[in-house]
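Secondary and tertiary structure notes
This is what each chain is made of:
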Amino acid sequence: MIRDLLLHEQTRTEVDRYIVHPSHALLLVGGVGTGKGTITQTIAKTLLQRPSDSRAGENILEMLPIKGTFTIDQVRAIQQFIKLKTVGNGAIKRVILLHDIHLMNAEAQNALLKVLEEPPMDTVLIMTAIPGDVLLPTIYSRLQKIQIHIPDEESSNSYFQTKGFSAENIKKMYVLSGGHTGLLNALLTDNDDHPLVAAIEQAKRLVTATRYDKMLAVESLSKNREDVILFLQATKRIALAALQNAAKQDKHAMVARWYQTLELIQRTEETTKSNPNNKLLLTHIMLNL
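Leu176, Leu196, Phe231, Ile285 and Met286 are the most contacted members of the largest nonpolar core, which has 43 residues in total. Elements with a minimum of two residues in this core: helix H7 (167-177), helix H8 (181-188), helix H9 (195-207), helix H10 (211-221), helix H11 (225-248), helix H12 (252-271) and helix H13 (278-287). In terms of residue count, H11 provides more of this core than any other element does, 10 residues in total. Aside from chain neighbours lying at most four places away, what touches Met286 is Leu206, Lys214, Met215, Ala217, Val218, Leu221 and Phe231. Counting residues in hydrophobic clusters, the runner-up holds 29 residues, among them Ala25, Phe70, Val75 and Phe81.

Below is the structure:
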């Protein structure tokens, strides 16, 4: 359950408080790879009083974006799900998990707003999103928000050593993951199913790729906003790890190079929030890797 998760103490306190007094709609805000999915599922099973190793059943509806977008048809499916009769003895009989709602289009957000305005008494919606003002203000006003803070390196080291991982490997992967718990776990367990792990491997290849291969990657990545976000997150992780490594070795030229790359990525991440020309942004990144 919640006590078994690696969480920053502030995040743990807020999650514990929510479980005791759950509101009808919760938004977990955190970067890619912070373990939002695992936390939402654990909260859902705790509210429904289910074992942590049980699978989602008829009382849990879980949705993710389709091809990088959360559509109005998915929100309509939620509306139909809510109309179904619920079973159970607890105050909370049904939980809806919506992952990455920052990828909702405007039409879907307006439909979701209607759900939030008239929530069923026995149903809880738990959603996740990346930081930033990416949703309608009227949606934010109807949600309880919990920020997922990053656990410190000492806590992460202690937690994963109890899982059988070496301190040396944990330290290495902590730097690469930026301390993001979900990504750190995936890197330590060689979980290639984690989207950010695959994105990091791709970004590593592109750092040393030819300009032609980089432009081919731009064509592919720019078609899907979710892929763009993942690529920027992955490249930032690599740049930060390389910057720290160069600093330890007093390689001043490399420090300057990776610092500039990191600044460029962070500026690009800010720009992506306003629906920019992804192809142009990625091209600029690739030419400066």
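Still more ground to cover, so stick around.
Positive phi, normally seen in glycine, also occurs at Asp190, with a value near 55 degrees. By relative accessible area, Asp190 is classed as exposed at 62%. The residue Asp250 is not glycine, and still its phi comes out positive at about 55 degrees. As for its placement among the helices and strands, Asp250 is situated in the loop between H11 and H12.

It is worth spelling out the packing of helix H6 (residues 153-161) against H7 at this point. The angle between the axes and the distance between the axes are what describe a pair of packed helices. Between H6 and H7, the shortest axis-to-axis distance is 10 Å and the interhelical angle comes to 135 degrees. It follows from the interaxial angle that H6 and H7 lie oblique. Handedness of the crossing formed by H6 with H7: right-handed. Counting all contacts with H6, which are made through Glu153, Ser156, Asn157, Phe160 and Gln161, the residues of H7 involved are Ala167, Ile170, Lys171 and Tyr174. Its residues placed into classes, the contact of H6 with H7 shows four nonpolar, three polar and two charged.

The subject of this paragraph is the environment of Arg211. Looking at the secondary structure, you find Arg211 in helix H10. Classification of Arg211 as exposed rests on a relative accessible area of 60%. Residues Arg211 and Leu289, spaced 78 residues apart in sequence, show a C-alpha to C-alpha distance of 9.9 Å.

What follows concerns the packing of aromatic side chains. A full pass over the atoms with the stated rule returns two aromatic pairs. Ring centres of Tyr159 and Phe160 lie 5.1 Å apart, and the angle between their planes is 85 degrees; on these two criteria the pair is classed as edge-to-face. The exposure class of Tyr159 is partly exposed, given its relative accessible area of 22%. Looking at Phe160, the relative accessible area reads 1%, which means it is buried. Here the aromatic rings of Phe160 and Phe165 are separated by 6.2 Å at their centres, their planes lie at 65 degrees, and the arrangement is edge-to-face. On the basis of relative accessible area, Phe165 is assigned to the partly exposed category, the value being 21%. An aromatic cluster of three or more residues is present, and its members are Tyr159, Phe160 and Phe165. A cation sits over an aromatic face here: Arg94 above Phe81, 5.5 Å from the ring centre.

This part takes up H7. Along H7, the positions that sit buried rather than exposed are Ile170, Met173, Tyr174, Leu176 and Ser177. Down the axis of H7, the smallest arc covering the buried residues is 165 degrees, so these residues share one side. Of the exposed residues in H7, those oriented more than 90 degrees away from the buried face are Glu168 and Lys172. Those residues of H7 hidden inside the fold are in contact with H6, H8, H9 and H11.

Let us look at the sheet that holds strand S1 (residues 25-29). In any sheet, the strands associate via hydrogen bonds between backbone groups, in a parallel or an antiparallel arrangement. Within the open sheet, the five strands sit side by side as S2-S3-S4-S1-S5. Their pairing is parallel. One side of each edge strand has no neighbouring strand; the edge strands of this open sheet are strand S2 (60-63) and strand S5 (144-147). Adjacent strand axes in the sheet meet at a mean angle of 15 degrees, parallel and antiparallel pairs treated alike. Of the strand pairs in this sheet, strand S3 (residues 94-98) and strand S4 (residues 123-129) are connected by five bridges, and their pairing is parallel. Residue pairing across strands places Val95 opposite Val124, the latter belonging to S4. With respect to the sheet, helix H2 (residues 36-47) is in contact with S1, S2, S3 and S4, its orientation differing from that of S4 by roughly 170 degrees.

Next up on the list: the packing of H12 against H13. Remark: H12 packs on H13, axes separated minimally by 11 Å, with the N-to-C direction vectors making an angle of 175 degrees. As summarised for this structure, H12 and H13 are arranged roughly antiparallel, according to the angle between their axes. Contacts from Leu264, Ile265, Thr268 and Thr271 in H12 reach Leu281, His284 and Ile285 in H13. Looking at side-chain class alone, the contact of H12 with H13 contains four nonpolar, three polar and no charged residues.

Definitions and cut-offs
Residues numbered from 1 in each chain as written. Predicted model: local features only at pLDDT ≥ 70, side-chain atom pairs only at ≥ 80, totals over all residues. Heavy atoms only, no water. Core = buried A, V, L, I, M, F, W, Y, C linked by side-chain atoms within 4.5 Å. Buried < 20%, exposed > 50% of the residue type's maximum accessible area, 1.4 Å probe, protein only. Helix = DSSP H or I, 4+ residues; strand = E, 2+ residues; numbered from the N terminus. Contact = heavy atoms within 4.5 Å. Axes fitted to C-alpha atoms, helices over the stretch in contact; angles between N-to-C directions. Parallel < 35°, antiparallel > 145°, perpendicular 65-115°, else oblique. Left-handed = near helix turned anticlockwise from the far one by under 90°. Nonpolar A, V, L, I, M, F, W, Y, C, P; charged D, E, K, R; others polar. Phe/Tyr/Trp six-rings, centres within 6.5 Å; stacked < 30°, edge-to-face > 60°. Lys NZ or Arg CZ within 6 Å of the ring centre and 35° of its normal. Arc of directions from axis to C-beta. Pairing = 2+ DSSP bridges.

So far we have only geometry, and geometry alone does not tell us how the molecule works.
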